[in-house]
Amino acid sequence: MVDGPADGVATLTLNRPEKRNALSHDLMAELIAALRGVTAPVVVVEGAGPCLSAGHDLSEMTGRSLAFYQELFTVCTELMETIQSIPQPVIAKVHGFATAAGCQLVAACDLAVAAEGTWFATPGVKIGLFCSTPMVEVSRAVGRKRAMEMLLTGTPIDTATAAEWGLINRAVPADELDAAVTELAEKIAASSPLVLGLGKQAFYRQIDLDKRQAYDLTKAVMTMNAMTGDAQEGICAFLEKRSPTWKGE
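Residues numbered from 1 in each chain as written. Predicted model: local features only at pLDDT ≥ 70, side-chain atom pairs only at ≥ 80, totals over all residues. Heavy atoms only, no water.

Q: Explain the side chain of Thr118 to me, please; I cannot follow it from the model alone.
A: Within the secondary structure, Thr118 is located in the loop between strand S6 (111-115) and strand S7 (119-121). Separated by 3.4 Å, the side chain of Thr118 and the backbone nitrogen of Gly96 make a polar contact. Aside from chain neighbours lying at most four places away, what touches Thr118 is Val94, His95, Gly96, Phe97, Ile157, Asp158 and Thr159. (Helix = DSSP H or I, 4+ residues; strand = E, 2+ residues; numbered from the N terminus. Polar contact = N/O pair within 3.5 Å; in protein donor to acceptor, adjacent residues only side chain to side chain. Contact = heavy atoms within 4.5 Å.)

Structure (structure tokens):
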């Protein structure tokens, strides 16, 4: 599942192409462990085969106990929360399609780049299993009315719509996807990993606060950030017109 890190970027590959990278309980647990074990400053999540992910593995979801379903959706929630709680920025590299929990995965990642022709959907309503946990991330990415349209109809959206709605950052030609993701990841990896982690954590802590609380939080974070060695190094390097040397402190 893990490639690299190369050039400061770790790639986590969902490798169940024969199952359209369905997010089984075991695959999600493995991905959580891989995310928590990453030491590179940037993470890319991609899928092997024809797509990123078709969502939950429906073959393990028939005739199971209440405890199994509770555990399955708990692990899924833990995966999405892990993506946003680790200090490294996580980029979804999307091709083919991302549906249901696969769409949730895209929405949970900090950034997402998709190949043109990719489509996204939360189609659970069509099989009698409303995409209730996917809606948490998707609604926060695209807004209420757009999320409700996806959830209530199950109709896929294309890459242009996904970019316009904010589900992904951008769509690029399929043959440019690798280069576009690499370029984005390397731009991020050039910054201090310590500062990236501070900023990412602060972003998710402030995003649902009211403005006064958000400023109270972020001014404390920025004060702490200014006291770090990397901030002082970065400021001095800018003033001295040289490249900074990050030490992670």
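After presenting the structure, the write-up continues.
Q: It is not clear to me how the sheet that holds strand S5 (residues 97-99) should be interpreted in this structure. Could you clarify?
A: By definition, the strands of a sheet pair up through backbone hydrogen bonds, in either a parallel or an antiparallel sense. The mixed open sheet is built from 3 strands, whose spatial order is S5-S7-S8. On the outer flanks of this sheet lie S5 and strand S8 (157-158), each paired with one strand and no other. Relative to S8, S7 runs antiparallel, the two being bridged by 2 bridges. Considered in S8, the bridge of Phe120 is made with Ile157. Strands S5 and S7 of the sheet are contacted by helix H3 (residues 101-108), whose axis makes an angle of about 100° with S5. (Pairing = 2+ DSSP bridges. Axes fitted to C-alpha atoms, helices over the stretch in contact; angles between N-to-C directions.)

Q: Help me understand H3 in this model?
A: Residue pairs spaced three or four apart in an α-helix point in one direction, given the helix's 3.6 residues per turn. Summarising burial for H3: 8 of the 8 residues are buried, a large majority. All of the buried residues along H3 are Ala101, Gly102, Cys103, Gln104, Leu105, Val106, Ala107 and Ala108. (Buried < 20%, exposed > 50% of the residue type's maximum accessible area, 1.4 Å probe, protein only.)

Q: What should I look at first to understand the pairing of strand S4 (residues 90-94) in this one?
A: Within a regular strand, the side chains alternate between the two sheet faces. For S4, the buried fraction is high: 5 of the 5 residues fall into the buried class. Alternating positions in S4 separate into two faces, Val90, Ala92 and Val94 on one and Ile91 and Lys93 on the other, with burial throughout. Where strand S3 (residues 42-47) meets S4, 3 bridges bridge the pair, whose relative direction is parallel. Opposite Val45, over in S4, you have Ala92 as the bridge partner. Since S3 and S4 lie parallel, the crossover through helix H2 (residues 66-85) that links them has a hand, and here it is right-handed. (Right-handed = clockwise from strand over helix to strand, strands pointing away.)

Q: Sorry, what's going on with the pairing of S6 here?
A: The element S6 is extensively covered by neighbouring structure, given that 4 of its 5 residues are classed as buried. Pairing analysis gives 4 bridges linking S4 to S6, with the strands arranged parallel. Bridge pairing in S6 places Ile91 opposite Leu111.

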